[in-house]
Each structure stands twice: as C-alpha cells, then as structure tokens.
Amino acid sequence: MNVHGNIMVKNEEVLLKELLPIWEKYPLERFVFYNDNSTDNTVETITSHLGSRAVILNDNRETFHESHNRSRMLEYSRDQGATHVIAFDCDELFSQNLVDNFEQVVSLYDQADLHLYWYNVVNGTLMQ
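### Topic: the overall build of the chain
- Along the backbone of the chain there are five helices and six strands.
- Reading the chain from its N terminus to its C terminus gives the helix and strand order β-α-β-α-β-α-β-α-α-β-β.
- In summary, the chain has a C-alpha radius of gyration of 15 Å against a globular reference of 14 Å for 128 residues, a match within 12%.
- Across its three principal directions, the C-alpha atoms of the chain cover 40 × 40 × 25 Å.
- Sorting the 128 residues of the chain into buried and exposed places 34% on the buried side.
- The positive charge centre, built from 9 side chains, and the negative charge centre, built from 20, are 3 Å apart in the chain.

### Describing the sheet that holds strand S2 (residues 30-35)
- The parallel open sheet is built from four strands, whose spatial order is S3-S2-S1-S4. Looking at strand neighbours, the two that pair on one side only are strand S3 (54-57) and strand S4 (84-87), the edges of this open sheet. Averaged over all adjacent pairs, the angle separating strand axes in this sheet is 25°, with direction ignored.
- Of the strand pairs in this sheet, S2 and S3 are connected by four bridges, and their pairing is parallel.

### Some points on the pattern of salt bridges
- Applying the stated criterion to the full structure yields five salt bridges.
- Here Lys17 makes a salt bridge to Glu13, at a shortest N to O gap of 3.4 Å. Taken together, the residues Lys17 and Glu13, both in helix H1 (residues 13-23) and four residues apart, mark about one turn of the helix.
- Taking the relative accessible area as the measure of exposure, Lys17 reaches 46% and is therefore partly exposed.
- Between Glu66 and Arg70 there is a salt bridge whose closest N-O contact spans 3.0 Å. In this pair, Glu66 and Arg70 both sit in helix H3 (residues 66-79), four residues apart, roughly one turn of the helix.
- The class for Arg70 is partly exposed, based on a relative accessible area of 26%.
- Several salt bridges converge on common partners, so that one network encompasses Asp59, Arg72 and Glu75.

Cut-offs used in this document
Here the residue numbers are simple positions, counted from 1 along each chain's written sequence. The predicted nature of this model means local features are confined to residues of pLDDT at least 70 and side-chain atom pairs, given and counted, to a pLDDT of 80 or more, with totals for whole chains, interfaces and linings taken over all residues. To get the side-chain values, take all heavy atoms of the structure and skip hydrogens and water. Strands here are runs of E lasting at least two residues and helices are runs of H or I lasting at least four, both read from the DSSP assignment and numbered beginning at the N terminus. Atoms counted for the radius of gyration: C-alpha only. Globule rule: 2.2 Å times the number of residues to the power 0.38. Burial status follows relative accessibility: with a 1.4 Å probe on protein chains alone, a residue under 20% of its type maximum counts as buried, one over 50% as exposed, and anything between as partly exposed. For the purpose of charge, His is not counted, nor are the chain termini; Lys and Arg are scored as positive and Asp and Glu as negative. Here the site of a charge means NZ on Lys, CZ on Arg, CG on Asp, or CD on Glu. What makes two strands pair is DSSP finding at least two bridges between them. In this analysis an axis means a line fitted to C-alpha atoms, helices contributing only their contacting stretch, and an angle means the value between N-to-C directions, from 0 to 180 degrees. The term salt bridge refers to a side-chain nitrogen of Lys or Arg lying within 4 Å of a carboxyl oxygen of Asp or Glu.

Printed below as a string of structure tokens:
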C-alpha cells in the first residue's frame, strides 16, 4: 500500500508549525504539497518536519487555480505509484481512530465506495 496525502498550501507557516508534529505520525508514504507561491517560510517548515516524505510542487502560476493545483498533485501521486490518495486541507486532522486503523480502513476502499464524515467547527458551531 502506497498512500499519499495531497495538500494545497499558501502562507501556512504558523498553522503548519502546530499541525506537522501531528501529521508526521500519519502512516502516509508521501505528503504532496502544492505551494501556491507562499511568501513566508511554509516550504522550509514543511521540509524541516517531513524531510524526504514531503514533495512540494509549484508551477509559479500568477493566479490561483484550484483544479490545476489538485490535478498536479494527483498526477504526481499517480506517477509515483500511489495506490490511494487522501486530499485534505492544511487545517484538517485525521481522527485517532482513522490513524490507529489506517491500513484496514484504506483497504476497505478496494471493496466498497466509502464516504467518511468531515466535521468542521467554526466559532463553536459544528458543521457537517
């Protein structure tokens, strides 16, 4: 199993300093980032935590184009032989249950079309 995480970033240094110590423990083979022309230390923060597990793509486009960015990450993961790709945002965490049962959960995707719940808490309000 070769699972990649695909994440778009732009000027996420402050947030990544808090999240990367948690993400480092995720059983992902590779973290593929699309850096949308960050002007802070986003790239350096990523590489200092994830080292060779991180790949950072950037086409130096002048305008943000989400579908292009996501396609580039997916193309890279596919070319590198990823069997599964999990796309998530820079402000998201996996549940501990998912991390603890990662191989079993990912293997289920080969047998069925699964949809995982996503929770977002904004100003104390739970959104699904």
